[in-house]
Amino acid sequence: QVQLVESGGGLVQPGGSLRLSCAASGSIFSITTMGWYRQAPGKQRELVARIISGGGTNYADSVKGRFAISMDNAKNTVYLQMNSLKPEDTAVYYCNGDIRPGGSYLQFAYWGPGTQVTVSS
């Protein structure tokens, strides 16, 4: 079974920084993409940033220049460095991975349980 586990959320003041981590564990043959989504109360889940195993990235317009996604392929871990945080960044942040499990010819989308990020003074 493949599992994703996020860490690094918390409470931070406006203008502050946080670094989220998400580790994929279990029997993994390959990872195509990993990314971060967020969902604020009363809103739909939205893409924040995504990284392809080859290194290509894309970001939501609202976080460009403030957030940076990176991946350690050896550790199957993706990171989200969040700088200049704003109150509107407050949400539950979910890790997502498009992963081919060991022993499978198919790729599946996996989700972590989420981690709360609150930006408030």
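The following paragraphs examine the structure supplied in this document. (Residues numbered from 1 in each chain as written. Predicted model: local features only at pLDDT ≥ 70, side-chain atom pairs only at ≥ 80, totals over all residues. Heavy atoms only, no water.)

**Observations regarding the overall build of the protein**
Along the protein, the regular secondary structure elements total 0 helices and 11 strands. Mapped from its N terminus to its C terminus, the protein presents α and β elements in the order β-β-β-β-β-β-β-β-β-β-β. Against the globule reference of 14 Å for 121 residues, the protein gives a C-alpha radius of gyration of 14 Å, in line with a compact fold. Overall, the protein is about 50 × 25 × 25 Å in size when its C-alpha atoms are taken along their principal axes. In the protein, which comprises 121 residues, the proportion classed as buried is 40%. If you sum the accessible surface of the protein, you get close to 6400 Å²; carbon and sulfur atoms cover 49% of it. (Helix = DSSP H or I, 4+ residues; strand = E, 2+ residues; numbered from the N terminus. Rg over C-alpha atoms; globule rule 2.2 N^0.38 Å. Buried < 20%, exposed > 50% of the residue type's maximum accessible area, 1.4 Å probe, protein only. Areas by Shrake-Rupley, 256 points an atom, 1.4 Å probe, with all protein chains shown as cover.)

**Structural notes on the pairing of strand β11 (residues 115–119)**
Across the two faces of β11 the burial differs, with Thr 115, Val 117 and Val 119 buried and Gln 116 and Thr 118 not buried at all. Two elements, strand β2 (residues 10–12) and β11, share 3 bridges in a ladder whose sense is parallel. What sits directly across from Val 12, in β11, is Val 119. As paired strands, strand β9 (residues 91–101) and β11 are joined by 3 bridges and run antiparallel to one another. Among the inter-strand pairings, Tyr 93 is bridged to a residue of β11, identified as Thr 115. (Pairing = 2+ DSSP bridges.)

**Overview of the packing of aromatic side chains**
We describe a pair of aromatic rings using the distance from one ring centre to the other and the angle between the two ring planes. Here the structure, examined in full by the defined rule, presents 2 aromatic pairs. Judged by centre distance (5.0 Å) and plane angle (65°), the rings of Tyr 37 and Trp 111 are edge-to-face. On the criterion of sequence distance, the pair formed by Tyr 37 in strand β4 (residues 28–39) and Trp 111 in strand β10 (residues 108–111) is long-range, its members being 74 residues apart. Between the aromatic rings of Phe 108 and Tyr 110, the centroid separation amounts to 6.4 Å while the plane-to-plane angle is 75°, which identifies the pairing as edge-to-face. Judged by relative accessible area, Phe 108 falls into the partly exposed class, the value being 38%. (Phe/Tyr/Trp six-rings, centres within 6.5 Å; stacked < 30°, edge-to-face > 60°.)

**Some words on the nonpolar core**
Of all hydrophobic cores here, the largest spans 30 residues; its most connected members are Met 34, Trp 36, Leu 80, Met 82 and Tyr 93. Those elements that provide at least two residues to this core are β3 (18–25), β4, β5 (46–52), β7 (67–72), β8 (77–82), β9 and β11. Setting aside residues no more than four positions away along its own chain, Met 34 makes contact with Leu 4, Cys 22, Ala 24, Arg 50, Ile 51, Ile 69, Met 71, Asn 76, Val 78, Cys 95, Asn 96 and Gly 97. (Core = buried A, V, L, I, M, F, W, Y, C linked by side-chain atoms within 4.5 Å. Contact = heavy atoms within 4.5 Å.)

**A closer look at the pattern of salt bridges**
One pass over the full model with this rule turns up 4 salt bridges. Residue Lys 64 is joined to Asp 61 by a salt bridge in which the shortest nitrogen-to-oxygen separation is 3.1 Å. (Salt bridge = Lys/Arg side-chain N within 4 Å of Asp/Glu carboxyl O.)

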